[in-house]
Amino acid sequence: MKLNPTTEKFILHWGEMGTKWGVNRTVAQIHALLYILGRPMNAEEITETLGVARSNVSNSIKELQNLRLVHTVHILGDRRDHFETSDDVWTLFRTIAEMRMQREIEPTRQFLQSLIDSPEFSQENETAKQRIRQTHDFINTLTIWANEMLKLSTSTMVKILKIGTGIQKFFR
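Calculation notes
- Residues numbered from 1 in each chain as written.
- Predicted model: local features only at pLDDT ≥ 70, side-chain atom pairs only at ≥ 80, totals over all residues.
- Heavy atoms only, no water.
- Axes fitted to C-alpha atoms, helices over the stretch in contact; angles between N-to-C directions.
- Helix = DSSP H or I, 4+ residues; strand = E, 2+ residues; numbered from the N terminus.
- Parallel < 35°, antiparallel > 145°, perpendicular 65-115°, else oblique.
- Contact = heavy atoms within 4.5 Å.
- Nonpolar A, V, L, I, M, F, W, Y, C, P; charged D, E, K, R; others polar.
- Buried < 20%, exposed > 50% of the residue type's maximum accessible area, 1.4 Å probe, protein only.
- Phe/Tyr/Trp six-rings, centres within 6.5 Å; stacked < 30°, edge-to-face > 60°.
- Expected span 1.5 Å × (residues − 1).
- Arc of directions from axis to C-beta.
- Core = buried A, V, L, I, M, F, W, Y, C linked by side-chain atoms within 4.5 Å.
- Salt bridge = Lys/Arg side-chain N within 4 Å of Asp/Glu carboxyl O.
- Pairing = 2+ DSSP bridges.

### Focus on the packing of helix α2 (residues 25–37) against helix α3 (residues 43–50)
- Axis separation between α2 and α3 bottoms out at 11 Å; the angle between their running directions is 105°. Of the possible angle classes, the one that applies to α2 and α3 is roughly perpendicular. Residues Q29, I30, L33 and L34 of α2 pack against I46, T49 and L50 of α3.
- Class assignment of the residues belonging to the contact of α2 with α3 gives a composition of 5 nonpolar, 2 polar and no charged.

### A look at the side chain of S60
- One can find S60 in helix α4 (residues 54–66).
- Judged by its relative accessible area of 3%, S60 falls in the buried class.
- Residues in contact with S60, not counting those within four places in the same chain, are N24, T26, V27 and I30.

### Things to note about the packing of aromatic side chains
- Within this structure, the stated rule accounts for 4 aromatic pairs.
- Considering the side-chain rings of W14 and W21, the 5.4 Å spacing of their centres and the 80° angle between planes classify their relative orientation as edge-to-face.
- For W21, a relative accessible area of 38% translates into the label partly exposed.
- Here the aromatic residues F10, W14, W21 and Y35 are joined through ring pairs into a cluster of three or more.

### Looking at helix α1 (residues 5–20)
- The end-to-end C-alpha distance of α1 is 23 Å, a good match for the 22 Å that 16 residues give at a rise of 1.5 Å each.
- Within α1, burial applies to T7, I11, G15 and G18. For α1, the angular spread of the buried residues around the axis is 75°, confining them to a single face. Those residues of α1 that are exposed and aimed more than 90 degrees away from the buried face are P5, T6, K9 and K20.
- Considering only its buried residues, α1 is in contact with α2 and α3.
- Positive phi appears at G22, one or two residues downstream of α1, with a value of about 85°.

### Points about the nonpolar core
- Core analysis: the largest hydrophobic core is formed by 20 residues, its most contacted members being I30, L33, L34, I46, L50, V57 and I61.
- Of all the secondary-structure elements, those providing two or more residues to this core are α2, α3 and α4.
- Looking at which element gives the most residues to this core, the answer is α2, with 5 residues.
- Discounting chain neighbours no more than four positions away, the residues touching L34 are R39, M41, I46, V70, F83, E84 and T85.

### As for the pattern of salt bridges
- Within the structure shown, the criterion is met by 10 salt bridges.
- Between E126 and K129 there is a salt bridge, with its nearest N and O atoms 2.8 Å apart. One end of the pair is E126 and the other is K129, both in helix α6 (residues 126–151) and 3 residues apart, which spans about a single turn.
- According to the relative accessible area criterion, E126 is exposed, its value standing at 54%.

### Some words on the pairing of strand β3 (residues 78–84)
- Summarising the sheet, strand β1 (residues 41–42) and β3 pair through 2 bridges and their orientation is antiparallel. Across the sheet, the residue bridging to N42 is H82, located in β3.
- Both strand β2 (residues 71–75) and β3 contribute to a ladder of 5 bridges, which runs antiparallel. Directly across from I75, in β3, lies its bridge partner D78.
- Joining the antiparallel neighbours β2 and β3 is a turn of 2 residues, in which G77 adopts a positive phi near 85°.

Structural data, given as structure tokens:
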């Protein structure tokens, strides 16, 4: 499949951004392709469109499925698996935020709590103890806030984000 120039630029940029977010370039490009085209594609179509190895596509799709960003669908009359992603950017944002919280933030929160709970913590110098507690408190606050935000409807979340700059003026 030949992509239009704007679509191609979007996919390439998403791939570059993916590497900055700690995601393999091909993984991000496949996700961008499925999102921007807005229709299910089989692995062969993805391979042909992006010009990457079939094995790379298979591994990348598995990673996207593990991240809950892509799921398998079936097309009547076609035995192959097809893959699609959500067409709602807010749903994608929620999924990415939830997965990052689960994979990155929660293990750090638990680790900091285990340091605080350990018998050795009382023997640590006051500066280190204070900074560990502050970091733990920060991550706890961030986690509580993020979890509450993710429970909101999309329309409510949009409203809150849009009034965010107005609120900061109130606190100055």
